[in-house]
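Now for the letters of each chain:
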Amino acid sequence: MSPRAGLCSFATLLAVALGAGACSKDEYVAPPPATSTSDVADPAAAAETLAALQDSIDGGDPSTAAGLGADASSRDLLSAIVANAEALGLGDVTLRYVTETGRTRGSGAWDAQVALTWRIDGHDAASARTELPVSFAAHGATIAAIGGPGARLPLWLSGPLDVERAGDVVVAVAGDASRAEDYLAAARRAVRQARAVVPGGKGLVVEVPADPESLQRTLDTAPGQYAAIAAVTAPVDGSRAAGSPVHVFLNRSVYDDLDPVAAQVVMTHEAVHALTEATSARQAPLWLVEGFADYVALRDVDLPLTRTAGQIATEVRKDGVPPTLPLDSEFDPSASHLGGVYEAAWLVCVTLAEHAGEQALVDLYAKVRDGADLATALREHAGWTEPELIAAWQDRLRSLPGVAG
Ligand SMILES: [Zn+2]
């Protein structure tokens, strides 16, 4: 697999956030409870059970949490949740009963929507917040399950995690933890590489769900949406509000098959997104966001252009140079020629750095990410108009190995 494949799905993330429309997860509108639920549900008892779980998470008390489980598997889950919270260093964990969902199971068992907040102390500037279904049993005295179809399930609530940390990097691995040390090493190197270009004090959190289905639940995405990508940088609760925690999530079914160089390129690319808060950039064109992440990720990598720009070279030889810079729509993970689009975006940033210097590229990226007009920033930092940038980039594309002749 080429190192370009599945580098990123920032574009997908953007599409998801924009497509959420008027009723985002932050504005959950509770369905009216079915009349039958009122015979079963005991919201006061359920709220007490949630408070007891919150206390045991705060106090690091897995045995009390386990005592709130309705059966062996829920006892194991609740105990694991307390251990996860402690290992991750979670703060501001709150669990609040919202309403019945209308779903009941036998006598004394029903599902309720529960509001949740949490953050990793020392990493997340603000708390993440979401709502998810919790299944209560024994008239609210116990918890039978957490999560449900169509709801975001934060990784730390999904089962036992292996948490590795070093310096200001945290890696949380669900399922098979045999590669946890590799993920941690790649994440630490990614932070060093990103900071060499974009200094900053923020740390990095990498979450590794057990399998693609778990990744889908963790990010609340459509099935298969991230099937082809190796990693994604995304707000943990889906919110694009400033300060919302942004972590890197690995799709281990793709990431684990990458060779070590490609895996490092992916990790560093995502670390650049996370450390520069690229997910909150609303105006920046994706060629700049993605191209800059690849510029940093490939900066210290000794790979030939035939490998880092092979797909765009083939396209240029066949169809000539593109008339415009890559459009945002071309970064859709389901679009054809996605690899070539990422390569083309990377080469725009290479062209800029070769012309005006690396610091000019870094400054231009920061300005445009923070909302500055591209044309103004281009003039200020590179002394170019957009047509001049396009012409220089097209020349760069024509000079790629395999294009001429
Ligand atoms: Zn990306």
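Attention shifts here to empty space enclosed by the protein. On inspection of all chains with the given rule, the structure shows three cavities of 30 Å³ or more. Approximately 80 Å³ is the volume attributed to the largest cavity. For the lining of the largest cavity, the secondary structure elements donating two or more residues are strand 2 (110–120) and strand 7 (204–208). Its residues placed into classes, the lining of the largest cavity shows ten nonpolar, one polar and one charged. Of the domains in this structure, domain 1 (43–157) and domain 2 (160–280) are the two that each give at least three residues to the lining of the largest cavity.

Right, let's talk about the side chain of Thr268 for a bit. If you trace the backbone, Thr268 turns up in helix 9 (residues 260–275). What makes Thr268 buried here is its relative accessible area of 0%. Not counting residues up to four positions away in its chain, the partners in contact with Thr268 are Ala190, Gln193, Val296 and Ala297.

Assigned domains within the chain: domain 1 (43–157), domain 2 (160–280) and domain 3 (281–405). Computed over C-alpha atoms, the centres of domain 2 and domain 3 are 24 Å apart. Contacts between the two partners involve 18 residues from domain 2, matched on the other side by 19 residues from domain 3. Both faces combined, the contact of domain 2 with domain 3 buries some 1,600 Å², and carbon together with sulfur accounts for 61% of it. For the domain 2 face of the interface with domain 3, the top three residues by lost area are Val197, Val265 and His269, together amounting to 32%.

Here the focus is the packing of helix 10 (residues 286–299) against helix 13 (residues 338–356). Relative orientation of the contacting elements helix 10 and helix 13 amounts to 75 degrees, with a least axis distance of 7 Å. In this view, helix 10 runs roughly perpendicular relative to helix 13, as classed from their interaxial angle. Contacts from Trp287, Leu288, Glu290, Gly291, Phe292, Asp294, Tyr295 and Leu298 in helix 10 reach Tyr342, Ala345, Trp346, Val348, Cys349, Val350, Leu352 and Ala353 in helix 13. The residue makeup of the contact of helix 10 with helix 13, split by class, is 13 nonpolar, one polar and two charged.

So, on to the sheet that holds strand 4 (residues 142–146). Taking strand neighbours across the sheet as the criterion, the four strands line up as 1-2-3-4 in an open arrangement whose pairing is antiparallel. The sheet is open, and its two edges are formed by strand 1 (90–104) and strand 4, each paired on a single side. Strand after strand, the sheet turns through a mean of 35 degrees between neighbouring axes, direction not considered. Both strand 2 and strand 3 (residues 128–137) contribute to a ladder of nine bridges, which runs antiparallel. Bridge pairing links Thr117 to Arg129 in strand 3. Contacts from helix 5 (residues 72–88) reach strand 1, strand 2 and strand 4, with the element oriented near 75 degrees to strand 4.

A separate point is the confidence of the model for the chain. Looking at the chain, the pLDDT average stands at 88 and 90% of residues meet or exceed 70. Every residue in residues 1–7 scores below 50 in pLDDT, and together they form 25 contacts with partners more than four places removed in sequence or on other chains. In this model residues 9–35 is a low-confidence stretch, pLDDT under 50, and it forms 41 contacts with partners more than four residues away in sequence or in other chains.

Within helix 15 (residues 374–382), burial applies to Leu374, Ala377, Leu378, His381 and Ala382. One side of helix 15 holds all its buried residues, which, seen down the axis, span an arc of 105 degrees. Relative to its buried face, helix 15 has exposed residues pointing more than 90 degrees away, namely Arg379 and Glu380. Looking at the buried positions of helix 15, the neighbouring elements they touch are helix 10, helix 13, helix 14 (358–369) and helix 16 (386–398). Immediately downstream of helix 15, the backbone of Gly383 shows phi near 65 degrees, a positive value.

This part takes up the sheet that holds strand 8 (residues 231–235). Ordered in space as 5-6-7-9-8, the five strands form an open sheet in which the pairing is mixed. One side of each edge strand has no neighbouring strand; the edge strands of this open sheet are strand 5 (161–166) and strand 8. Going from strand to strand, the sheet's axes swing by 20 degrees on average, the running direction of each strand aside. One ladder, built from six bridges, connects strand 5 with strand 6 (residues 169–174); its direction is antiparallel. For Ala166, the partnering residue across the bridge sits in strand 6 and is Val169. Most of the contacts of helix 5 go to strand 5, to which it runs at about 5 degrees, and overall it touches strand 5 and strand 6. Lying on the sheet, helix 6 (residues 180–197) is in contact with strand 5, strand 6, strand 7 and strand 9 (246–250); it crosses strand 6 at an angle near 150 degrees.

Thresholds applied
Residues numbered from 1 in each chain as written. Predicted model: local features only at pLDDT ≥ 70, side-chain atom pairs only at ≥ 80, totals over all residues. Heavy atoms only, no water. 1 Å grid on protein atoms, 1.4 Å probe; cavity = no way out; pocket = protein on both sides within 12 Å on 5 of 7 lines; lining within 4 Å. Points joined across faces, edges and corners; volume = space filled by probe spheres on them. Helix = DSSP H or I, 4+ residues; strand = E, 2+ residues; numbered from the N terminus. Nonpolar A, V, L, I, M, F, W, Y, C, P; charged D, E, K, R; others polar. Domains from an automatic or database assignment. Buried < 20%, exposed > 50% of the residue type's maximum accessible area, 1.4 Å probe, protein only. Contact = heavy atoms within 4.5 Å. Buried area = accessible area lost by both parts, 1.4 Å probe. Axes fitted to C-alpha atoms, helices over the stretch in contact; angles between N-to-C directions. Parallel < 35°, antiparallel > 145°, perpendicular 65-115°, else oblique. Pairing = 2+ DSSP bridges. pLDDT = per-residue confidence, 0-100. Arc of directions from axis to C-beta.

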